[in-house]
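Each chain is listed here by its residues.
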Amino acid sequence: MSEATYKSIAVLGVGTVAIPLIKELLANGASVLIITRPSPKARQIPEGAHHAAIDYTDVSALTAAFRKHGVEVVVSTINHEALDAQPPVAEAAKNAGVKLFVPSEYGLPTAGHTEGILGVKSRFVDSLVAAGLPYARLYVGGFIDSIPYLLALDETGKLNIIGEGRTSATVTAQIDSASGFLAYVLTHLPPSQLHNVTFRIQGERKTLRELASLYGDKVPVVEISEFPPSVKDGAFRAYLQAAFNSGAASTGFDAAEGKDDEQRAGSSNSLWPGHQWRTVKEVLSL
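Residues numbered from 1 in each chain as written. Predicted model: local features only at pLDDT ≥ 70, side-chain atom pairs only at ≥ 80, totals over all residues. Heavy atoms only, no water.

### Notes on the packing of aromatic side chains
So, point 1. Under the criterion given, the structure shown has six aromatic pairs.
So, point 2. Here the aromatic rings of F181 and F199 are separated by 5.5 Å at their centres, their planes lie at 70°, and the arrangement is edge-to-face. Of the two residues, F181 is situated in helix α7 (residues 177-188) and F199 in strand β10 (residues 197-200); the sequence distance between them amounts to 18 residues. Take F181 and F199: they sit in the same class, and that class is buried.
So, point 3. An aromatic cluster is defined as three or more aromatic residues linked by ring pairs; in this entry it consists of F181, Y184, F199, W272 and W277. (Phe/Tyr/Trp six-rings, centres within 6.5 Å; stacked < 30°, edge-to-face > 60°. Helix = DSSP H or I, 4+ residues; strand = E, 2+ residues; numbered from the N terminus. Buried < 20%, exposed > 50% of the residue type's maximum accessible area, 1.4 Å probe, protein only.)

What follows is the structure, given as structure tokens:
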């Protein structure tokens, strides 16, 4: 007898990752509860979803909401600046008998990291394991949609590369990741294939140089040592490029091993049968 799939899913947040994910979950027949912080501004709530405005630190209110809606899975889509909200939400999920927690990852591999944002994400998953709350995390590498941001194209009119830019990394279309792949596996795979699992997907495998070459001769490529002050978040973009250059932006990377495994990158793609993964050229209309 086959296992029943999860049907009731709570999504934390309504940002650029959350909205398309929610729509796909609804399209796949899931009941969706959206949890947002209380706010005076209007929220974009997809039709068909339930909504509750609750402070993320209010464990009692969150627990009650999860119980009321019979939530089986909690998916966090909060950004890296709000990661401290995840522990109380996880506590509420555990209290309410939630069966699976999907932490806010959707980027570079985090397991084994001890410092910075990646370290915070890694330790949170460790805390889920310690609490006995199963997790499912998703590594996607870099978003194809963010390549112009990564290379500061809009600000400078050029493709700016720090370092050699010759190490392969994973890039995946945003629509193929959280909104596509994650929605599919959460509504199609049985719990036994979701609990304490790390999904590694890959749209394409490219170096920074190869990404820049896709623009052809239309945009100049420049080598820089750091981004100029006029580029907002220059230090963060440099950090991301360093991850590309070290191999850490590949979904096959393992921080504990300190190396990338090309065979491991994209190893979960087959779980979305028949899907045609979008290319850089398609997403950026190059």
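Now, onward.
### Concerning the sheet that holds strand β4 (residues 73-76)
Strand pairing in a sheet relies on backbone hydrogen bonds. The paired strands run either parallel or antiparallel.
So, point 1. Within the open sheet, the five strands sit side by side as β3-β2-β1-β4-β5. Their pairing is parallel. Strands with a single pairing partner mark the edges of an open sheet, and in this sheet they are β3 (50-53) and β5 (100-102). Strand-to-strand twist of the sheet, defined as the mean angle between neighbouring strand axes without regard to direction, takes the value 20°.
So, point 2. Of the strand pairs in this sheet, strand β1 (residues 8-12) and β4 are connected by four bridges, and their pairing is parallel. Residue pairing across strands places A10 opposite V74, the latter belonging to β4. (Pairing = 2+ DSSP bridges. Axes fitted to C-alpha atoms, helices over the stretch in contact; angles between N-to-C directions.)

### Some thoughts on the sheet that holds strand β7 (residues 142-143)
So, point 1. Pairing is mixed across the open sheet formed by three strands, whose spatial order is β7-β9-β11. Edge positions in the sheet fall to β7 and β11 (204-206), since each has one partner strand and no second.
So, point 2. Where strand β9 (residues 169-172) lies against β11, three bridges are found, and the strand directions are antiparallel. Residue pairing for β11: V171 is matched across the bridge by E204.

### Considering the nonpolar core
So, point 1. By size, the foremost hydrophobic cluster in this structure holds 36 residues, and its most contacted members are V75, V102, Y106, L182 and L186.
So, point 2. Here this core takes seven residues from α7, the largest share from any one element.
So, point 3. In this structure, A65, V98, L128 and Y135 belong to the second largest nonpolar core, which totals 28 residues. (Core = buried A, V, L, I, M, F, W, Y, C linked by side-chain atoms within 4.5 Å.)

### Regarding unusual backbone geometry
So, point 1. Look at A152: it is not a glycine, yet its phi comes out positive at around 55°.
So, point 2. Counting through the fold element by element, A152 comes out in the loop between α5 (147-150) and α6 (153-156).
So, point 3. Of the residues examined, A152 reaches a relative accessible area of 0% and is grouped as buried.
So, point 4. Look at S285: it is not a glycine, yet its phi comes out positive at around 55°.
So, point 5. Along the polypeptide, S285 turns up in the segment after α10 (280-284).

### Topic: the pattern of salt bridges
So, point 1. One pass over the full model with this rule turns up eight salt bridges.
So, point 2. The closest approach of N and O atoms between E204 and K206, which form a salt bridge, is 3.9 Å. The exposure classification of E204 matches that of K206, with both residues buried.
So, point 3. Taken together, the shared-partner salt bridges in this structure form one network comprising R205, D260 and E262. (Salt bridge = Lys/Arg side-chain N within 4 Å of Asp/Glu carboxyl O.)

### What about the packing of helix α2 (residues 59-68) against helix α3 (residues 86-95)?
So, point 1. At a minimum axis distance of 8 Å, the contact between α2 and α3 shows a crossing angle of 45°. Overall, the two elements α2 and α3 adopt an arrangement that is oblique. Along this stretch, α2 crosses α3, giving a crossing that reads as right-handed. Contacts between α2 and α3 involve V59, L62, T63, F66 and R67 from the first element and P88, V89, E91, A92, A93 and N95 from the second.
So, point 2. Taken together, the residues of the contact of α2 with α3 sort by class into seven nonpolar, two polar and two charged. (Parallel < 35°, antiparallel > 145°, perpendicular 65-115°, else oblique. Left-handed = near helix turned anticlockwise from the far one by under 90°. Contact = heavy atoms within 4.5 Å. Nonpolar A, V, L, I, M, F, W, Y, C, P; charged D, E, K, R; others polar.)

Shape is all these values report; function is a separate question.
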